[in-house]
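Single-letter residue listing:
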Amino acid sequence: MNFVAEHLVSLVVFTPLIGMVLIGLIPSDQKSAIKWAAFLWSLVPAGLSIYLWLAYAAGGVGFRFVEQAVWYAPIGASYHVGVDGISVPMILLTGILTPLALLASFSIQDRIKPYMMLFLMLETGMFGVFASLDLLLFFLFWEIGLVPMYFLINQWGSANRRYASFKFFVYTMAGSLGLLLSIQLIGLSTGTFDIVRLFNIWPGLDKELIAGVPMPTIKTVSFFAFCLAFAIKVPMWPFHTWLPDAHTEAPTAGSMILAGVLLKLGAYGFLRLVLPLFPEQAAAYAPALAFLAMLAIVFGAFAAFGQTDFKRLVAYSSVNHMGFVVLGIAVVARAYGVDAEGWRQSAAIAGTGAVLQMFNHGLSAAAMFFLVGVVYERAHTRDLNELGGGIWQYAPVYGAVMLFCSMSSLGLPGLNGFVSEFAVVRGSWPVFTTVTAIGMLGLLFTGAYILKGIQKVLHGPRNPKWAGHGMEMNAREIVTVAPLMALMLVIGVWPWWLADVINKAVVSLLG
Amino acid sequence: MPIETLIWLIPVPPLLSFFLIWLFANRNKALSHTIAIVLMAISWIISLYVFLTAITTEHFGAEVFGHSVPWLPTGDGALNMGVMVDPLTAGMLFFVPLTCLLIFIYSVGYHNFGGRLDPHDVHSTGSPAHNGVEPMYSRFFAFLSLFAFGMLLLVVADNLLMMFVGWEIMGLCSYLLIGFWHGRNYDDPKKITPRQAAVKAFMTTRVGDVFMMLGIVYLYFHTGTLSFREILYNEDVLHHLAETPSYIVGLSVAAMVGLLLFAGTVGKSAQFPLHVWLPDAMEGPTPVSAMIHAATMVSAGVYAMVRMFPLMSAGWHHGEALTPPMMAMGFIGAFTALFASTIAVAQRDVKKVLAYSTISQLGYMIAALGIGAYIAAAFHLITHAFFKALLFLGSGSVIHGVEHGVHHTHEHIDPQDMFNMGALRKKMPITFWTFLIGGFALSGFPFVTAGFWSKDEILADAFVANQLVFWVLVISAFLTAFYTMRQIALTFLGEPRTHSAEHAQETAWTMTTPLVILSFFAIFAGFVGVPEHFPALGELFHNLNVNRFHEFIGGTLIEHPEAVEFNVFPLLASIVVGVGGLTLGWLVYGWKPLKAGQPDPLAKPLGPIYTLLENKYYFDELYDFIFVRPARWISEVLVYQVMDKNIIDGFLHGVARVAVAIGIFFKGAEKVIINDPPDRLADFTQWLGRSFRVIQTGRIQSYLLIVMLVAVAFGGVYYLMLSGLVK
């Protein structure tokens, strides 16, 4: 037990990788065994991440469960992992979503072995990003997460998958390039990649690095490189167009993880790296960030409303929802060093709201993509007009589940989404008043696109087209979505347990 | 059990029944309604106990029952959620659970419990039952329970956010229940279907809700709390809010927050210009209409304003200039009262008349608040809940009775159209008498109906405060009485105009009992609010210790509001318009009853105005043109096609094309400079491979030999490197 306690974070990060190797040993034709092995194995990191959450939430702030070991000593990079109140909810989210995504993948028949292996590799990549306290390590895991997702879309996606996977890959890579260069710049000028040490050194660093180039310039350039990488990942408007394509073409489980966790990597990057390392630049450009967030909220909602493809509608809803995350982050950034009345508290609320929104969107988006998948597997179409409604009569359970998850996505009070949206709006109102007010238009249209989805799928006279298609969910599918629904309700009714941990971390981030 | 725990428990039973029915009883109709009714009754009993405790507590209002717990961390502090019962809440607790319970019981009969499932309905259709029991019976009770939970949560909330939670849960339930028959289609493609009406209701109210949310966050920013007690019962906070300028020049923070919150009420209580959803909400089953339009959701909007009144009127004193939110309430309320009552005059659908009358009556309450008549507004809220629930349930009973006739005769008529009715008083006597009581209460028939006392109080206050508001309300009171008599006459009097009406049948006891109970309150609920200075009656009721409403509810405010002095003019006006409207209605529709196929006698004299009213001033068409269509176009074309597909993706594809072009260029260059030499190298390798094929013998021994030789060779090289001979 001692070993587990001392290496908890490493265990969380690398157990999926072990699972991947183990799956590799099962013969390819043992499809059922592969599925079950992957699913059951993924419960190990899930259990560990829950244990990590409970252990972290039991008390204490700052980075805990830290492990440090020599890695690339000559260049100052080390294997340094640990969690705080911002990363630990994300690890919990990843740990919970992966088994559910694997369970959702049981209907996949084609090349199940590489599929499952890639998925577990992806999980390690995601855990790694959240746990890294070293820039180089961070980048390594960042890239590790990219590759499996590319293949998942490219190999198991739907019709337009090559275009979508290519766009996803190249776009993200383009962002990462600047990230890598900036990381190296930082490493070069400070001699370390250790994030915790850099928090103290880097923002105050003022020396001439390359002949003639002053430090502020370098910092600004690095700031933009970081921002670009994370902005593409979030995705922020106008870097968002890869998202509807990638989400729509990815297999169901891929979309679940892509929306559920991968988008959070970008927002996490802002919170973990951009804000602490570049506080002054972030404060200066925060209004622009907030403006783009507003555009994402409004245009994301409009674009979602304008869709005829059910999955694309849900994909655009991610743009809309992630806009709130960025808005919250912008408030935290803007409040840096400002002593105005109430701003600090507003920033704390907005920051908590942003992280909470990351978690909540992880739940609702994963659930919604899964539900799209359920219909698609049976109807073989995602076109809302072709679906034509009238499915509720065939699938009352599916109808109830979809209503529930839709309402979470819509931000209905009583369910999770509302808590975080309220917190973000509350935090941003005094800081970015106009932007928040215009953003409300997006909140209004959130209702419009969610109701459009319900109307075009569930409502309507009994649709003879779907008679005999077995539209109702099966037990496996109900088990897949039930934990998500339970969490949506629990967080909506009682957010304290989650928000308290986040809040403490955000307060310490504000300094 | 401490009273605070009991208050927490009030909203719980209906929530519990929602989950129980949803998860466990969804296939058992009897179990479903048993769970719903029993748990609702428990809620009602707890509420009644709390109400009785409240009215027997000395100086209740200065001291209240309440309890709260931290809910969301906010930096160094926390946002609390809690419950509270003050005199206003106690008043709500008296009528909300009771009407909910009656509506639950009524629904059993309305959905033909005990009847057999019609063969058409065995496979769920999502449309009303053809005949016999409703196939989605359990779902209905689950939604209804959730609705009751939302309302009770709103009532016991001690803070604005929890109130908003209940508010929105009701919004969801009204969406679900209006669209309950989501599979229903009409032959007339112009007629709005339930599923469209549901979306319309949700979206229209959401317009108000997003403003309200801004109001909540704004208030929260300035006060650091959302608790009613800490904001509304704190002179310093109110003073601070009224003095601090807001983002808009000329408005204080209190005024701006007030206006934003009022926008929420405009949506929820269907005030002009967001009134359009409520008449279409009649697409839901009738118990739902009663639930939404009487006991719960629309009352919630007014309740919120009554609750927030100290904030709305912050900085205002009797006789001084009104605050901006009060002016907005006064004018929008009065205008809506008149506007909606004119539309009601020309409606044919028995439920739509009631829908517009609800909008109009809510306008009364809002206008009352606008002129500072706090208690009158609360009073009318309660009496209206009773008689409007009665009228809606009565109209449901009427429709149910006529539907019975339709099934019997196989006629193809609209069973909700009053012009297809007539003479139902003989067929449905209980429904008739109770409806008559409700109708008279709505019209403000003097002295014996609850509606008279509450409406009279509003008029008395308006007469002192604002003449314009007063006269607008008087005219709409006249119209109200007129269209009510029109409705009664068309439905119940004269001769049957269709065979279905002839074969209508009185409904089951589960439906008529709630009617009888509600009509009791439609008469007697008014006596609690008879003004003390009212000639004769005031003293009589005072001696009986009945009319304590003013004193009790007044205890909600810090400063107990003074009752207006008795003035005979508004009283006379109130009597004249009430009785006069009823009389005129009877003269037009009751004296010479309409024959089958005869048009509305008003249609000819009013001419184009009648068409205008019949079409509700064309607001639906207008909104469709200026909001709905542009929103579609912006979404589908501008944002998605033009911006995302053409501009952003176009730019990306352009970049990609440039990259590819550069690639092709380099590919050509590469072929000559870089590619060819390696190709030659590759050729060479191939040749080498072919040559070495000779040693590919397939014999382990020879491979091992080669491995050994290579190992020795590498070992030699490494040795040389390490010993420094080769650098």
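Undergrad: Help me understand the overall build of chain A in this model?
TA: Broken down by element type, chain A carries 20 helices and 2 strands. Here the C-alpha atoms of chain A give a radius of gyration of 22 Å, agreeing with the 24 Å that 2.2 N^0.38 yields for 511 residues. Principal-axis analysis of the C-alpha atoms gives chain A an extent of 75 × 55 × 45 Å. In chain A, which comprises 511 residues, the share counted as buried stands at 62%. Counted over contacts in chain A with a minimum sequence separation of 6, partners at least 24 positions apart contribute 81%.

Undergrad: Where do I start with the overall build of chain B in this structure?
TA: Counting its regular elements, chain B contains 30 helices and 2 strands. Taken over C-alpha atoms, the radius of gyration comes to 35 Å for chain B, far larger than the 27 Å a tight globule of 727 residues would show. Seen through its C-alpha atoms, chain B measures out along the principal axes to roughly 125 × 70 × 55 Å. Scored against the burial criterion, the 727 residues of chain B give a buried share of 55%. Residue pairs at least 24 apart in sequence account for 76% of intrachain contacts in chain B once pairs closer than 6 positions are excluded.

Undergrad: Explain the environment of Leu 93 of chain B to me, please; I cannot follow it from the model alone.
TA: Residues and elements named next belong to chain B. Relative to the helices and strands, Leu 93 is located in helix α4 (residues 87-110). Spatially, the C-alpha atoms of Leu 93 and Pro 285 are 25 Å apart, while their sequence positions differ by 192 residues. Those residues in contact with Leu 93, other than ones at most four positions away along the chain, are Ser 47, Val 50, Phe 51, Val 85 and Val 155.

Undergrad: Hey, could you run me through the nonpolar core in this one?
TA: Across soluble globular proteins, nonpolar side chains show a tendency to be buried alongside one another. Counting residues in each nonpolar core, the largest one holds 446 residues, and the members touching the most others are Val 326 of chain A together with Leu 473 of chain B. In contact with Leu 473 of chain B, not counting residues within four places along its chain, are Ala 334, Ala 337, Tyr 364, Ala 367, Ile 458, Leu 459 and Ala 462 of chain B.

Undergrad: Can you help me understand the pairing of strand β2 (residues 77-83) of chain A in this one?
TA: Along any regular strand the residues' side chains alternate between the sheet's two faces. Residue and element names in this part refer to chain A. Sheet analysis places strand β1 (residues 64-72) next to β2, joined by 6 bridges and oriented antiparallel. Considered in β2, the bridge of Ala 69 is made with Tyr 79. Adjacent in sequence and paired antiparallel, β1 and β2 are bridged by 4 residues, among which Gly 76 carries a positive phi angle near 85°.

Undergrad: I tried to follow the confidence of the model for chain B on my own but got confused; where do I start?
TA: Close inspection of predicted coordinates is inappropriate in any region flagged by low pLDDT. For chain B, per-residue confidence averages 87 on the pLDDT scale, and residues scoring 70 or more make up 98% of the total. Complex prediction metrics read pTM 0.91 and ipTM 0.93.

Undergrad: Mind showing me how you'd approach the environment of Val 642 of chain B here?
TA: Residues and elements named next belong to chain B. Tracing the backbone shows Val 642 in helix α29 (residues 619-692). Residues Val 642 and Phe 51, 591 residues apart in the sequence, show an inter-C-alpha distance of 60 Å. Excluding its chain neighbours within four sequence positions, the residues that come into contact with Val 642 are Val 637 and Ile 647.

Undergrad: Can you walk me through the interface of chain B and chain A in this structure?
TA: Reports of interface size often rely on the accessible area that becomes lost once the parts have come together. Chain B puts 44 residues into the contact, and the matching count from chain A is 47 residues. Looking at the side of chain B that touches chain A, the elements that each hand over two or more residues are β1 (65-74), α6 (160-178), α7 (194-223) and α29 of chain B. The element best represented in the side of chain B that touches chain A is α7 of chain B, accounting for 13 residues. For the side of chain B that touches chain A, the class distribution of residues is 27 nonpolar, 11 polar and 6 charged.

Undergrad: Explain the domain arrangement of chain B to me, please; I cannot follow it from the model alone.
TA: Domain annotation of chain B identifies domain 1 (1-114 + 137-158) and domain 2 (701-727). For domain 1 of chain B and domain 2 of chain B, the distance between their C-alpha centres works out to 87 Å.

Undergrad: How do you make sense of the environment of Ala 300 of chain B when you look at a structure like this?
TA: Position of Ala 300 of chain B relative to the elements: it lies in helix α13 (residues 297-307). Look past the residues within four positions of Ala 300 of chain B in its chain and what remains in contact with it is Met 151, Leu 154, Trp 167, Met 170 and Lys 268 of chain B.

Undergrad: Looking at this structure, I do not really get unusual backbone geometry. What am I missing?
TA: Negative phi characterises most residues that are not glycine, and trans characterises most peptide bonds. Of note, the bond from Val 234 of chain A into Pro 235 of chain A is cis; its omega dihedral lies within 30 degrees of zero at -10°. Here Pro 235 of chain A lies in the loop between α9 (215-233) and α10 (242-249). For the bond running from Phe 272 of chain B to Pro 273 of chain B, omega is 5°, close enough to zero to count as cis. By secondary structure assignment, the location of Pro 273 of chain B is in the loop between α10 (253-268) and α11 (277-280). Unusually for a residue other than glycine, Ala 270 of chain B sits at a positive phi of about 55°. Positionally, Ala 270 of chain B belongs in the loop between α10 and α11. Residue classification places Ala 270 of chain B among the buried residues on the basis of 31 C-beta atoms within 10 Å. Even without glycine at this site, Tyr 618 of chain B takes up a positive phi of about 60°. If you trace the backbone, Tyr 618 of chain B turns up in the loop between α28 (608-614) and α29.

Undergrad: Would you explain the packing of helix α21 (residues 467-492) of chain B against helix α26 (residues 568-590) of chain B in this entry?
TA: Two packed helices can be described by the angle between their axes and the distance between those axes. Residues and elements named next belong to chain B. At their nearest, the axes of α21 and α26 sit 7 Å apart, and the two run at 35° to each other. Where α21 crosses over α26, the handedness of that crossing is right-handed. Facing Val 474, Ala 477, Phe 478, Leu 479, Thr 480, Ala 481, Phe 482, Thr 484, Met 485, Arg 486, Ala 489 and Leu 490 of α21, the residues of α26 in contact are Ala 573, Ser 574, Val 577, Gly 578, Gly 580, Gly 581, Leu 582, Leu 584, Gly 585, Trp 586, Tyr 589 and Gly 590. Its residues placed into classes, the contact of α21 with α26 shows 15 nonpolar, 8 polar and 1 charged.

Undergrad: Which parts of the structure should I look at to understand the packing of helix α2 (residues 8-25) of chain A against helix α5 (residues 112-131) of chain A?
TA: Residue and element names in this part refer to chain A. The interhelical angle for the contact between α2 and α5, taken along N-to-C directions, is 165°, at an axis separation of 8 Å. It follows that α2 is roughly antiparallel to α5 by the angle criterion. Considering only the axes of α2 and α5, their crossing is left-handed. For the pair formed by α2 and α5, the contact residues are Val 9, Val 12, Val 13, Phe 14, Pro 16, Leu 17, Gly 19, Met 20, Ile 23 and Gly 24 on the first element and Lys 113, Met 116, Met 117, Leu 120, Met 121, Glu 123, Thr 124, Phe 127, Gly 128 and Ala 131 on the second. Taken together, the residues that form the contact of α2 with α5 break down as 14 nonpolar, 4 polar and 2 charged.

What counts as what
- Residues numbered from 1 in each chain as written.
- Chains lettered and ligands numbered in written order.
- Predicted model: local features only at pLDDT ≥ 70, side-chain atom pairs only at ≥ 80, totals over all residues.
- Helix = DSSP H or I, 4+ residues; strand = E, 2+ residues; numbered from the N terminus.
- Rg over C-alpha atoms; globule rule 2.2 N^0.38 Å.
- Buried ≥ 20, exposed ≤ 12 C-beta atoms within 10 Å, placed from the backbone.
- Contact = placed C-beta atoms within 7 Å.
- Core = buried A, V, L, I, M, F, W, Y, C linked by C-beta atoms within 7 Å.
- Pairing = 2+ DSSP bridges.
- pLDDT = per-residue confidence, 0-100.
- Nonpolar A, V, L, I, M, F, W, Y, C, P; charged D, E, K, R; others polar.
- Domains from an automatic or database assignment.
- Axes fitted to C-alpha atoms, helices over the stretch in contact; angles between N-to-C directions.
- Left-handed = near helix turned anticlockwise from the far one by under 90°.
- Parallel < 35°, antiparallel > 145°, perpendicular 65-115°, else oblique.

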